[in-house]
Amino acid sequence: MLSLLNFHFGQSAFNGFYDWFNQLFAYCLMVLILIVLLGFHVVVVLSRQLINNIGKGQAYQKILSLGRS
């Protein structure tokens, strides 16, 4: 019984904290920073991959043999 009361108190305390934290300006700022950093990461990864693909030049091509094994 005590563990059940403790669980429900923890649940309400967490929900109250989460609701309070969602209202803060810092929460919105943190979410915005995370979105910007994720976008920056994607742009950097894609640009580096494209630069590597361009710098690689002609990729390996298998030479076709005419009847030789």
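Residues numbered from 1 in each chain as written. Predicted model: local features only at pLDDT ≥ 70, side-chain atom pairs only at ≥ 80, totals over all residues. Heavy atoms only, no water.

Just checking my understanding: could you explain the overall build of the protein chain for this structure?
The helix and strand inventory of the protein chain stands at two helices and zero strands. Counting the 69 residues in the protein chain, one finds 0% classified as buried. A total of about 7000 Å² of accessible surface is found on the protein chain, and carbon and sulfur atoms cover 71% of it. (Helix = DSSP H or I, 4+ residues; strand = E, 2+ residues; numbered from the N terminus. Buried < 20%, exposed > 50% of the residue type's maximum accessible area, 1.4 Å probe, protein only. Areas by Shrake-Rupley, 256 points an atom, 1.4 Å probe, with all protein chains shown as cover.)

Explain the packing of aromatic side chains to me, please; I cannot follow it from the model alone.
For any pair of aromatic rings, the description rests on two quantities: the centre-to-centre distance and the angle between the ring planes. In total, this model carries four aromatic pairs according to the counting rule given. For the ring pair Phe14 and Tyr18, a centre distance of 6.0 Å and an interplane angle of 20° mean the geometry is stacked. Note that Phe14 and Tyr18 are positioned in helix H1 (residues 2-22) at a spacing of four residues, about one turn of the helix. Phe14 gets classed as exposed once you look at its relative accessible area, which sits at 51%. Both rings, one in Phe17 and one in Phe21, keep their centres 5.8 Å apart while their planes meet at 10°; by these two values the pair is stacked. You can see Phe17 and its partner Phe21 sitting in helix H1, four residues apart, about one turn around the helix. (Phe/Tyr/Trp six-rings, centres within 6.5 Å; stacked < 30°, edge-to-face > 60°.)

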